[in-house]
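The primary structure of each chain is shown beneath.
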Amino acid sequence: MTTQVLAQTPPPAPSSYREKTLPLTGLRWTNDGRLLVTSDETAASLNRRAFSVSAGQAIAQCQSKWLASQVVPREDDPLQAAPLGVHAHAALESFYRDVPAPERTRERLQEHVRQVFLSPDFRADQEKLDPDGRITQELKVMDFALGVLELEDPTQVNVIEVERRFKAVPLNTFLNLNGFIDRVERLFTGKGEEVEITDYKTGKYEKFNPDYGNRDEKADQIRIYGRGYEKQTGIRPTRGQLLYTGARARTEVDMSVEATDDSVQWLTEQYQAQQRAVEAREFTTNPGPLCAWCPLVNACPVGQIGSPKKWTNADKFALELSNGVALTEKRRAWMLKDAVSLRKAGAAADGQFSPNQLGIEGSRAFKPNPVVPPLILAALEADEAPGCEPDARPRIETSPPPPAPLIQEIHAMTMTAAPQQAAQQMPAQAPQQAPQQQMTPRPEGRPFDEIVNGPGGAPLLNLNSYAATGVFGLVGLAAESLTKAGVAAPTQEQTLALARVFARMVQRAEAGITGGTGWSSGANTRIRGLLRSVLEQRALPVGAGPEAWTAWYQTNGPYLMTLAKTAMTVWEDEAISEELLMESLAVAATAQKGGPFA
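Residues numbered from 1 in each chain as written. Predicted model: local features only at pLDDT ≥ 70, side-chain atom pairs only at ≥ 80, totals over all residues. Heavy atoms only, no water.

What about the environment of Glu 450?
Link 1 in the chain: Note that Glu 450 resides in the loop between α14 (404-425) and β11 (451-453).
Link 2 in the chain: Exposure remark for Glu 450: the relative accessible area of 11% places this residue in the buried category.
Link 3 in the chain: Counting along the chain gives eleven residues from Glu 450 to Leu 461, while the straight-line C-alpha distance between them is 6.1 Å. (Helix = DSSP H or I, 4+ residues; strand = E, 2+ residues; numbered from the N terminus. Buried < 20%, exposed > 50% of the residue type's maximum accessible area, 1.4 Å probe, protein only.)

This is the structure we're talking about:
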């Protein structure tokens, strides 16, 4: 059987902000949270002849956040939903476009995913990750793409086209549409021939609840695309669906004329709101839980700066001090309770602590990563815009740098409170013979914080975390397994090697049922429990040579994933009917003693 060579179609860049070069100057906050545009160049860059659904959603969420997305350079983490989704979309696009319907098998889809792995953009993303991150990225993209097989039979999809583009397509007198349709297909139903719009979603699935009073924005997107398709072709799509390939869920969309008119009217209103904001050079804010993902969160007077759960007080204090942001009394009080904050803030105030050490360039302590906050803070002008109250005082002070008394105060707190409080958190150390230098106590955080900040802001594993419990337990399991297999005194190298094998098995099984991996996740804990069961059933091939070890891994890695998926199936069964019980007993009766692991 010959393997067909696929035409390489590199996916688009994962981040639309990667090439942004718009100026960051010419922005000014008011104390009540309005963001003003004072630069003619910046204002001119915000004019839009056409509008996308995603832009409408951003404007409806927070106008200032939309403005930030247009003027702040950004590069997404390759393991975030957006870039992963782009790569999975690229594989599905070529699969449905290039493969004839009868040949659309799982194997062919896997070929198309692997072809995406060879694309320049995917490889560029891989260069930003460590080996574990690269494995996770490939597993997630493969899982997101293969998820479509559980939602539909690709051999029955009658594709008209994929990735249909809208470029300034007029929907009404006021609104021109930009965007892409993932897939357009033809259906043959009792009503005759119908056209359906399909959109892939690789993110989290949440069933829309109209009782919450918000809009079903994902359904709006499909309906608006349907209207754009009708304007281009004269054919009105009467069916629409959302395929959540990561979550294995499908949602049908009401494509009626009335519902579509309402969606188009909503997008028109958002476009008009954007145009009014650009004309007035004034953008409103709407603080909420999503503030954490806005690049202006550290500067916004009303933003919820405490939203990112992975940011420690030390990160926030040091970042603000390094940019000349004055401490409030409340935050100064918080610092007295946080030894790590004191050390970081002291270094920042003294000019010895670079904001990059906070994790902006790769530290795992930030999830999501902040997007060059120092550049943003420096670009925002401290004085108020004309027309504001004369006594209004800006929240942000970019110059002069923090005064000497503040530096002295921070250093004083660092020299006194920090060592005392840190020492209280650590057990007493045995006296060392002829100590040359006192060891710095290792900080610990809350159990659900995987990372703490060590000396100089270096990210460290929080030994009090659930993730540490998982890692230490896995290493212990590796040593225990080697000992049970007859290795009297396993070496560190042997224990590490087996722990890595176990870790790979757990990660692959976890990604197979959740689409992601994480040492602190509940799924990881459950699968590590299943791994212990596997080891009880199937002994390690100690002393049998490399080939036997490879066979053991290749057999038991998939077996572990099978057990995890079986557990999910049992949960989905809920109440076991009499009929299902009898079928299960019949299947159980087919089991026979013997086999390679007897």
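Topic: the pattern of salt bridges
Working definition: two side chains of opposite charge can pair if their charged atoms are close together.
Link 1 in the chain: A complete count under the given rule lists 25 salt bridges for this structure.
Link 2 in the chain: Arg 97 is the salt-bridge partner of Asp 98, the closest N and O atoms lying 2.8 Å from each other.
Link 3 in the chain: A relative accessible area of 33% places Asp 98 in the partly exposed class.
Link 4 in the chain: The class of Arg 97 is partly exposed, set by a relative accessible area of 36%.
Link 5 in the chain: Between Glu 206 and Lys 204 there is a salt bridge whose closest N-O contact spans 3.4 Å.
Link 6 in the chain: When its relative accessible area of 55% is taken as the criterion, Glu 206 is described as exposed.
Link 7 in the chain: Bridged by salt links that share partners, the residues Arg 215, Asp 220, Arg 223 and Asp 262 form one connected network. (Salt bridge = Lys/Arg side-chain N within 4 Å of Asp/Glu carboxyl O.)

Looking at a nonpolar patch on the surface
Link 1 in the chain: Taken together, the side chains of Ile 576, Leu 581, Met 582 and Leu 585 make up a nonpolar region of the molecular surface, amounting to roughly 370 Å² of accessible area.
Link 2 in the chain: On the secondary structure map, Met 582 appears in helix α19 (residues 578-588).
Link 3 in the chain: We classify Met 582 as partly exposed; its relative accessible area is 46%. (Patch = residues over 30% accessible without salt bridge, like charges linked within 9 Å, V, L, I, M, F, W, Y side chains within 5 Å. Areas by Shrake-Rupley, 256 points an atom, 1.4 Å probe, with all protein chains shown as cover.)

Re the pairing of strand β8 (residues 249-253)
Link 1 in the chain: Judged from the five bridges that link them, strand β7 (residues 239-244) and β8 form a sheet pairing that is antiparallel. Opposite Leu 243, over in β8, you have Arg 250 as the bridge partner.
Link 2 in the chain: Counting the residues that bridge the hairpin from β7 to β8 gives four residues, and of these Arg 248 lies at a positive phi of roughly 60°. (Pairing = 2+ DSSP bridges.)

Concerning the packing of aromatic side chains
Link 1 in the chain: What the rule picks out here adds up to six aromatic pairs.
Link 2 in the chain: Summarising the aromatic geometry, the rings of Phe 95 and Tyr 96 are spaced 5.1 Å apart at their centres and angled 80° between planes, so their arrangement reads as edge-to-face.
Link 3 in the chain: Sitting over the ring of Tyr 96, Arg 183 keeps its end group 4.5 Å from the ring centre.
Link 4 in the chain: Positioned above the aromatic ring of Tyr 559, the side-chain terminus of Arg 538 is 3.8 Å from the ring centre. (Phe/Tyr/Trp six-rings, centres within 6.5 Å; stacked < 30°, edge-to-face > 60°. Lys NZ or Arg CZ within 6 Å of the ring centre and 35° of its normal.)

Side note on the packing of helix α2 (residues 53-61) against helix α9 (residues 257-280)
Link 1 in the chain: Taken N-terminus to C-terminus, the directions of α2 and α9 make an angle of 65°; their axes are 9 Å apart at the nearest point. Between α2 and α9, the crossing angle belongs to the class labelled roughly perpendicular. In the crossing of α2 with α9, the sense of the turn from one axis to the other is left-handed. Of the residues in α9, those in contact with Val 53, Gly 56, Gln 57, Ile 59 and Ala 60 of α2 are Trp 266, Leu 267, Gln 270, Ala 273 and Gln 274.
Link 2 in the chain: When the residues that make up the contact of α2 with α9 are grouped by side-chain class, the tally is six nonpolar, four polar and no charged. (Axes fitted to C-alpha atoms, helices over the stretch in contact; angles between N-to-C directions. Parallel < 35°, antiparallel > 145°, perpendicular 65-115°, else oblique. Left-handed = near helix turned anticlockwise from the far one by under 90°. Contact = heavy atoms within 4.5 Å. Nonpolar A, V, L, I, M, F, W, Y, C, P; charged D, E, K, R; others polar.)

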